[in-house]
Amino acid sequence: MKHASISMRGAFGAALCLALAALSAAQTPPGYHREYLTDWTYFNRVGAINNHSQIVFSTRFVWDDPNTSEIMLYDNGVIYQLTLDTYRDEFPDINDDGTIVWSRGVGPGGTLEVAMYKNDQITLITNDAFQDYAPKINNLGHMVWNKRLPQGCANADSDIYFYDGMTQQKLSQDGFNNQGARLNDLDQVIWTRYNDCDNPWTAEIMRYADGQVTQLTQNLIEPQVPDINNVGICTWQWRPSADRFEILRWENGVTSVAINSCANAAINLRGDIACNRWHEENQTWQMWSLVNGTLRQMTFDAFWNVDGRINDLGEIGWSAGTPFQVAAAYNRRYPLGDLNCDGAVNILDVNPFVLALEDAVAYSEAHYCDPLLADTNGDGNVNILDINPFVDIVAAGRMTSTVQCASATSSPHEPSLQRPNWAPFRPSGAAFSPDQEYKP
Ligand SMILES: [Ca+2]
Ligand SMILES: [Ca+2]
Ligand SMILES: [Ca+2]
Ligand SMILES: [Ca+2]
């Protein structure tokens, strides 16, 4: 994949970078660098971003034909295509070891199975005639997903399964449409239990921990899309009025409002939240984030920006485009210690670092960057305790080659997804049936 790049050396380069940073300032919050991992030719959906900034997404080469879908891995500037066949491959997730799971249509009659990519091998975790949707994997290698059964109200019964690497266990109760399971590294699981026997449908948020399933909601309108972080804090959305979603936050039995007017939330270890807000004025979805307690708009464009995923660095991967042509997008954080946000940590960062320690306001006026990048010991504060780790980083000459100043303009560029061996095809008989991860 090629990015245009401009040498950072010399005063001219520095001045140009400042100008470009100013140009892009309105597009990307300070301390972040926007990258589009693909162009808008195909239908890309981001599944997850891990704490090594690896992003998995699925690409449908024909937007309304799921059997043209493949799994992609973005890793440090390179996109790897993991599948290449006429089976459906969608809903990927990745853990911090780089193990990838997704739904793969290789079961009887093309039904979906939970597939795992590890050590360059694909292993199937399930093998039956039922649809196994949207697996998630934690850092223990344990997984959850939902298995749809052709029975029950609306023929939509679906069960949540948990797999600990040895055995599969059904967590959900029979007779409901259970979907959208996520798990954390404590093997705590959260999901939505829809009741399609009700009209209109109702739902509850369910949580599994320590062998027990509990219900976290009561009488909320359309609660769904839950997430859970590694200290057990949960989020989900509900619909307080017909035209508005709201993000709730649950911690140790206490539920509070996290973000007004947002949907589709994901939460990281620090409690940062990424979500999508509907903008009535231009009929778009935009990415928003709550990072270090500050709610910020992350995108400002004509796209539908959806599917936001956030890692523990506060980086966000999402899908951006029209409903039919969608790119995989990424807000990368500049590296720790890069106090002038030029993509490298070096001697040029010393003066901005000192300013960030002395006066965060003055720093933010002088640099379109993030003073928290000075928190080099990672304790959440910027102070003298960060000096030694900062000096170590600069001394190590740690250069981050992947973030180039010039691409901060990051307009739609040439397709980065190369498919040289792909023979275009159109599988027969595959009618489009959208798989709702949540209900509209
Ligand atoms: Ca495929
Ligand atoms: Ca199956
Ligand atoms: Ca720098
Ligand atoms: Ca610190």
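Heads up: the structure comes first, above all this text.
These figures come from a predicted structure and were not determined experimentally.

Describing empty space enclosed by the protein
No. 1: The tally for this structure, following the rule as stated, stands at four cavities of 30 Å³ or more.
No. 2: There is about 520 Å³ of room inside the largest cavity.
No. 3: Residue lining of the largest cavity: 29 residues in total, with Ile49, Asp93, Ile94, Leu183 and Ile310 positioned closest to the centre.
No. 4: When contributions to the lining of the largest cavity are tallied by element, the ones reaching two or more residues are strand E2 (43-49), strand E6 (89-94), strand E10 (131-137), strand E14 (177-183), strand E18 (224-228), strand E22 (263-267) and strand E26 (304-310).
No. 5: Residue contributions to the lining of the largest cavity peak at three residues, all from E2.

Quick look at the coordination of the calcium ion (ligand 3)
No. 1: Donor atoms from the polypeptide that coordinate the calcium ion (ligand 3) comprise Asp338 (OD), Asn340 (OD1), Asp342 (OD), Ala344 (O), Asp349 (OD) and Asp349 (OD), at 2.2 to 2.6 Å from the metal.
No. 2: Each of the six donor atoms around the calcium ion (ligand 3) contributes to a set of angles spanning 53 to 164°, which defines the coordination as irregular.
No. 3: Every donor residue of the calcium ion (ligand 3) comes from the same chain, spaced as D-x1-N-x1-D-x1-A-x4-D.
No. 4: Note on Asn340: relative accessible area 22%, which makes it partly exposed.

As for the coordination of the calcium ion (ligand 2)
No. 1: The coordination sphere of the calcium ion (ligand 2), as far as protein atoms go, consists of Leu112 (O), Glu113 (OE), Glu113 (OE), Asp128 (O), Asp128 (OD), Phe130 (O) and Asp132 (OD), spread over 2.2 to 3.0 Å.
No. 2: In terms of primary sequence, the donors binding the calcium ion (ligand 2) are separated according to L-E-x14-D-x1-F-x1-D. With a gap of 15 residues between them, Glu113 in strand E8 (residues 113-118) and Asp128 in the loop between strand E9 (121-124) and E10 connect regions that are remote in the sequence.

Points about the side chain of Arg193
No. 1: Positionally, Arg193 belongs in strand E15 (residues 189-195).
No. 2: For the buried Arg193, no salt bridge is present, and the opposite-charge side chain at shortest range is Glu204, 5.3 Å distant.
No. 3: When residues no more than four places from it in sequence are discounted, the contact partners of Arg193 are Gln173, Phe176, Asn177, Asn178, Thr202, Ala203, Glu204, Met206 and Gln215.

A few points about helix H2 (residues 350-358)
No. 1: Of all the residues in H2, the buried ones are Pro352, Phe353 and Ala356. Along the axis of H2, the buried positions cluster into a sector of 105°, meaning they face one direction only. With respect to the buried face of H2, the exposed residues turned more than 90 degrees away are Asn351 and Glu358.
No. 2: Elements that come into contact with the buried residues of H2 comprise helix H3 (360-366) and helix H4 (387-395).

Let's talk about the state of the cysteines
No. 1: Applying the stated criterion across every chain yields a total of three disulfides.
No. 2: Disulfide pairing is shown between Cys262 and Cys275; the S-S distance is 2.1 Å. Measuring handedness by torsion sign, the sulfur bridge of Cys262 and Cys275 sits at about 90° and is right-handed. Separated by 13 residues along the polypeptide, Cys262 in the loop between strand E21 (254-260) and E22 and Cys275 in strand E23 (residues 273-279) bring together distant segments of the chain. Of the two residues examined, Cys262 and Cys275, each falls in the buried class.
No. 3: Between the sulfur of Cys341 and that of Cys369 lies a disulfide, 2.0 Å long from S to S.

Re the side chain of Gln297
No. 1: Along the chain, the position of Gln297 falls in strand E25 (residues 294-297).
No. 2: We classify Gln297 as buried; its relative accessible area is 18%.
No. 3: Polar side-chain contacts of Gln297 include one of 2.7 Å to the backbone oxygen of Thr299.

Notes on the nonpolar core
No. 1: Grouped together as the largest cluster of nonpolar side chains are 14 residues, with contacts concentrated most on Tyr36, Met287, Ile310, Ile316 and Trp318.
No. 2: Elements represented by at least two residues in this core include exactly strand E1 (32-36), strand E24 (284-291), strand E27 (316-321) and strand E28 (326-333).
No. 3: The element best represented in this core is E27, accounting for three residues.
No. 4: With 13 residues, the next largest nonpolar core counts Val345, Phe353, Tyr363 and Val394 among its residues.

Looking at the sheet that holds E8
No. 1: Within the open sheet, the four strands sit side by side as E6-E7-E8-E9. Their pairing is antiparallel. Of all strands in the sheet, those with a lone pairing partner are E6 and E9, marking the two edges. Averaged over all neighbouring strand pairs, the angle between strand axes comes to 25°, with direction disregarded.
No. 2: Where E8 meets E9, four bridges bridge the pair, whose relative direction is antiparallel. Looking across to E9, one finds that Met116 is bridged to Thr123.

Let's talk about the pattern of salt bridges
No. 1: A complete count under the given rule lists 15 salt bridges for this structure.
No. 2: Between Glu35 and Arg332 there is a salt bridge, with the nearest N and O atoms lying 2.9 Å from each other. Residue Glu35 is found in strand E1, and its partner Arg332 is found in strand E28; the two are separated by 297 residues along the sequence. Arg332 shares its class with Glu35; the two are buried.
No. 3: Through salt bridges that share partners, Arg60, Arg88 and Glu90 make up one connected network.

Regarding the packing of aromatic side chains
No. 1: One pass over the full model with this rule turns up 13 aromatic pairs.
No. 2: Here Tyr42 and Phe61 contribute two aromatic rings whose centre-to-centre distance is 4.5 Å and whose plane-to-plane angle is 70°, an arrangement assigned as edge-to-face. Here Phe61 lies in the loop between strand E3 (55-60) and strand E4 (69-75) and Tyr42 lies in the loop between E1 and E2, a separation of 19 residues in the sequence.
No. 3: Taken together, a centroid distance of 5.8 Å and an interplanar angle of 65° make the contact between Tyr74 and Tyr330 edge-to-face.

Quick notes on H4
No. 1: Taken together, the buried positions of H4 are Phe390, Ile393 and Val394. Along H4, the residues classed as buried sweep out an arc of 95° about the axis, all on the same side. Turned more than 90 degrees from where H4 packs its buried face, Asn388, Asp392 and Ala395 sit exposed.
No. 2: As for H4, its buried residues are in contact with H2.
No. 3: Looking one or two residues past H4, Gly397 carries a phi angle of roughly 60°, positive in sign.

Quick notes on the rules
- Residues numbered from 1 in each chain as written.
- Chains lettered and ligands numbered in written order.
- Predicted model: local features only at pLDDT ≥ 70, side-chain atom pairs only at ≥ 80, totals over all residues.
- Heavy atoms only, no water.
- 1 Å grid on protein atoms, 1.4 Å probe; cavity = no way out; pocket = protein on both sides within 12 Å on 5 of 7 lines; lining within 4 Å.
- Points joined across faces, edges and corners; volume = space filled by probe spheres on them.
- Helix = DSSP H or I, 4+ residues; strand = E, 2+ residues; numbered from the N terminus.
- Donors = N, O, S within 2.8 Å, 3.2 Å for Na, K, Ca; no water.
- Tetrahedral: all angles 85-135°; square planar, octahedral: opposite > 155°, others 65-115°.
- Buried < 20%, exposed > 50% of the residue type's maximum accessible area, 1.4 Å probe, protein only.
- Lys, Arg positive; Asp, Glu negative; His and termini not counted.
- Salt bridge = Lys/Arg side-chain N within 4 Å of Asp/Glu carboxyl O.
- Contact = heavy atoms within 4.5 Å.
- Arc of directions from axis to C-beta.
- Disulfide = S-S within 2.5 Å.
- Polar contact = N/O pair within 3.5 Å; in protein donor to acceptor, adjacent residues only side chain to side chain.
- Core = buried A, V, L, I, M, F, W, Y, C linked by side-chain atoms within 4.5 Å.
- Pairing = 2+ DSSP bridges.
- Axes fitted to C-alpha atoms, helices over the stretch in contact; angles between N-to-C directions.
- Phe/Tyr/Trp six-rings, centres within 6.5 Å; stacked < 30°, edge-to-face > 60°.

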